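# Chain and residue survey
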Amino acid sequence: MNGHKPAAEGLKTRVFQIIFESDTRLAKGFDIALITAILLSVLVVVLESVDGLRAEHGELFRSLEWTFTILFTIELGLRLYCLERPLNYLKSFYGAVDLIAILPSWLALLIPGAQSLIVIRLLRSLRIFRVLRLMEFVGEGRLLIDALKRSGHQIFLFLFTVFMLVTIFASLMYLIEPREAGFTSIPVAIYWAVVTLTTVGYGDISPVTPLGQAISVVVMLIGYSIIAVPTGVFSAEVIRSIRSDRYSDEACPGCGHDRHEQRAKYCLICGTWLDEETPDPNAPEPEPEPESESEGDAGDEQTPSPADDK
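Right, let's walk through the structure included here. (Residues numbered from 1 in each chain as written. Predicted model: local features only at pLDDT ≥ 70, side-chain atom pairs only at ≥ 80, totals over all residues. Heavy atoms only, no water.)

### Re the overall build of the protein chain
Each helix and strand counted, the protein chain has 13 helices and 2 strands in total. The buried share of the protein chain, taken over its 310 residues, is 27%. Taking the contacts inside the protein chain whose residues are at least 6 apart along the sequence as the reference set, 52% of them involve residues at least 24 apart. (Helix = DSSP H or I, 4+ residues; strand = E, 2+ residues; numbered from the N terminus. Buried < 20%, exposed > 50% of the residue type's maximum accessible area, 1.4 Å probe, protein only. Contact = heavy atoms within 4.5 Å.)

### Description of the packing of helix 2 (residues 25-48) against helix 3 (residues 51-82)
Interaxial distance between helix 2 and helix 3 falls to 9 Å at its minimum, and their mutual angle equals 150°. Seen along the crossing, helix 2 lies across helix 3 with a hand that is left-handed. Facing helix 2, whose interface residues are Phe30, Leu34, Ala37, Ile38, Leu40, Ser41, Val44, Leu47 and Glu48, helix 3 presents Leu53, Arg54, Phe61, Leu64, Glu65, Phe68, Phe72, Glu75 and Arg79. Its residues assigned to classes, the contact of helix 2 with helix 3 comprises 12 nonpolar, 1 polar and 5 charged. (Axes fitted to C-alpha atoms, helices over the stretch in contact; angles between N-to-C directions. Left-handed = near helix turned anticlockwise from the far one by under 90°. Nonpolar A, V, L, I, M, F, W, Y, C, P; charged D, E, K, R; others polar.)

### Considerations on the environment of isoleucine 215
By the secondary structure assignment, isoleucine 215 is in helix 10 (residues 210-226). What isoleucine 215 contacts, discounting residues up to four positions off in sequence, is Phe169, Leu172, Met173 and Ile176.

### Some words on unusual backbone geometry
A positive phi is found at threonine 199, a non-glycine position, where the angle reads about 60°. Tracing the backbone through its elements, the reader meets threonine 199 in the loop between helix 9 (186-197) and helix 10.

### Quick word on helix 9
With 12 residues, helix 9 extends 16 Å between its outermost C-alpha atoms, agreeing within 8% with the 16 Å of an ideal straight helix rising 1.5 Å per residue. Here helix 9 has its buried residues at Ala189, Trp192, Ala193, Val195, Thr196 and Leu197. Where helix 9 is buried, its residues contact helix 8 (152-176) and helix 10. Note on helix 9: the residue one or two positions beyond its end, threonine 199, has a positive phi of about 60°. (Expected span 1.5 Å × (residues − 1).)

### Re the packing of aromatic side chains
Summed over the entire model, instances satisfying the criterion amount to 5 aromatic pairs. Measuring from centroid to centroid gives 5.1 Å for tryptophan 66 and tryptophan 106, while their planes differ by 70°, and the two rings are edge-to-face. On the criterion of sequence distance, the pair formed by tryptophan 66 in helix 3 and tryptophan 106 in helix 5 (residues 93-108) is long-range, its members being 40 residues apart. Using a relative accessible area of 25% as the deciding quantity, one classes tryptophan 66 as partly exposed. A connected cluster of aromatic rings, assembled from ring pairs, spans Phe16, Phe20 and Tyr89. Across from the ring centre of phenylalanine 20, 5.1 Å away, lies the NZ or CZ of arginine 79, which sits over that ring. (Phe/Tyr/Trp six-rings, centres within 6.5 Å; stacked < 30°, edge-to-face > 60°. Lys NZ or Arg CZ within 6 Å of the ring centre and 35° of its normal.)

### Considerations on the pattern of salt bridges
Scanning the entire structure with this criterion turns up 3 salt bridges. For the salt bridge of arginine 54 with aspartate 51, the shortest nitrogen-to-oxygen distance reads 2.6 Å. Highlighted residues: arginine 54 and aspartate 51, both in helix 3, separated by 3 residues, approximately one helical turn. As a salt-bridge pair, glutamate 59 and arginine 62 come within 3.0 Å of each other at their nearest N and O atoms. On the criterion of helical spacing, the pair formed by glutamate 59 and arginine 62 is a turn pair, its members being 3 residues apart in helix 3. (Salt bridge = Lys/Arg side-chain N within 4 Å of Asp/Glu carboxyl O.)

### Here's the deal with helix 10
For helix 10, built from 17 residues, the straight-helix expectation of 24 Å at 1.5 Å per residue is met to within 8% by its first-to-last C-alpha distance of 25 Å. Where helix 10 is concerned, the buried positions are Gly212, Ile215, Ser216, Val219, Gly223 and Ile226. Seen along its axis, helix 10 keeps its buried residues to an arc of 105°; they face one direction. Exposed residues on helix 10 whose side chains face more than 90 degrees from its buried face are Pro210, Leu221, Tyr224 and Ser225. (Arc of directions from axis to C-beta.)

### Some remarks on a nonpolar patch on the surface
Together, Leu11, Ile70, Ile74, Leu78, Tyr81, Leu99, Leu103, Trp106, Leu107, Leu109 and Leu110 line one region of the surface with nonpolar side chains, adding up to about 1000 Å² of accessible area. Turning to its location among the elements, tyrosine 81 is positioned in helix 3. (Patch = residues over 30% accessible without salt bridge, like charges linked within 9 Å, V, L, I, M, F, W, Y side chains within 5 Å. Areas by Shrake-Rupley, 256 points an atom, 1.4 Å probe, with all protein chains shown as cover.)

### Comments concerning the packing of helix 9 against helix 10
Relative to each other, helix 9 and helix 10 sit at 50°, their axes nearing to 8 Å. Regarding the angle of helix 9 to helix 10, the classification is oblique. Residue-level contacts link Trp192, Ala193, Thr196 and Leu197 of helix 9 to Ser216, Val219, Met220, Ile222, Gly223 and Ile226 of helix 10. The residue inventory of the contact of helix 9 with helix 10, partitioned by class, reads 7 nonpolar, 3 polar and no charged. (Parallel < 35°, antiparallel > 145°, perpendicular 65-115°, else oblique.)

### Brief notes about the environment of serine 216
Its place among the elements puts serine 216 in helix 10. Classification of serine 216 as buried rests on a relative accessible area of 6%. With 43 residues separating them along the chain, serine 216 and methionine 173 place their C-alpha atoms 9.0 Å apart. Setting aside anything within four residues of it in sequence, one finds serine 216 in contact with Met173, Trp192, Thr196 and Pro207.

Here's what the structure looks like:
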């Protein structure tokens, strides 16, 4: 339920189940329709940015834009209507995205002046942020977010190390290279170091001294050697997230193996039933214990009669 609760039973609960949940056919249809509207609205913004298309189909683009604006305004109104605390939703990430998606077009009506068309165009471009809503409907997006959170410290340490290297090399180049080469300040030299370390190489600033060129070679080689570090760290965390979702850490009571799939019922190694709280439905029933021979012999003995004693 995305952390939100319906306002009350009845119509609001029904609207809440359709908009915020996806376990019914109607809710899934709403999600598909919303994704389609998001993609189409972004496509309209992209096509409107082409001068030729805007000059030829400007009126159509404006009509479609207002149609999507009204639809998304109604959608946001329904979300706020069915929630118990609508302000909390507006403070959330997706609530802010919803608000940003519709505000520019409505605010454009209040902006007068001859320069309003340029301002409106800039405001309308903010509707591109609506594509961020797509992450809400992609289950794998949670894996990427979890991987980013877990690898945040490693990536921060990597970026801090890169920043130190860039600052050191930039300071050296500022001291070695003449101003005529373009190294007029340490910030400009930092720009050159970043461009060189990332192997982009714009060529607008380049060293002219042999020592400076040697340092450039070192910076480029370092760039090739460390550029894969954040990718490797993030990829490892993604794989770990996938394994944690697919596999369970519960150890087998028979052999101790602890890498089973979440839905596994039996151990892959020894075949032991894994759920210790419930009995194995396929386990053979225990055989009844045989009666002891002493009890059987005692039953077979007959009581002697008085005639036998004689």
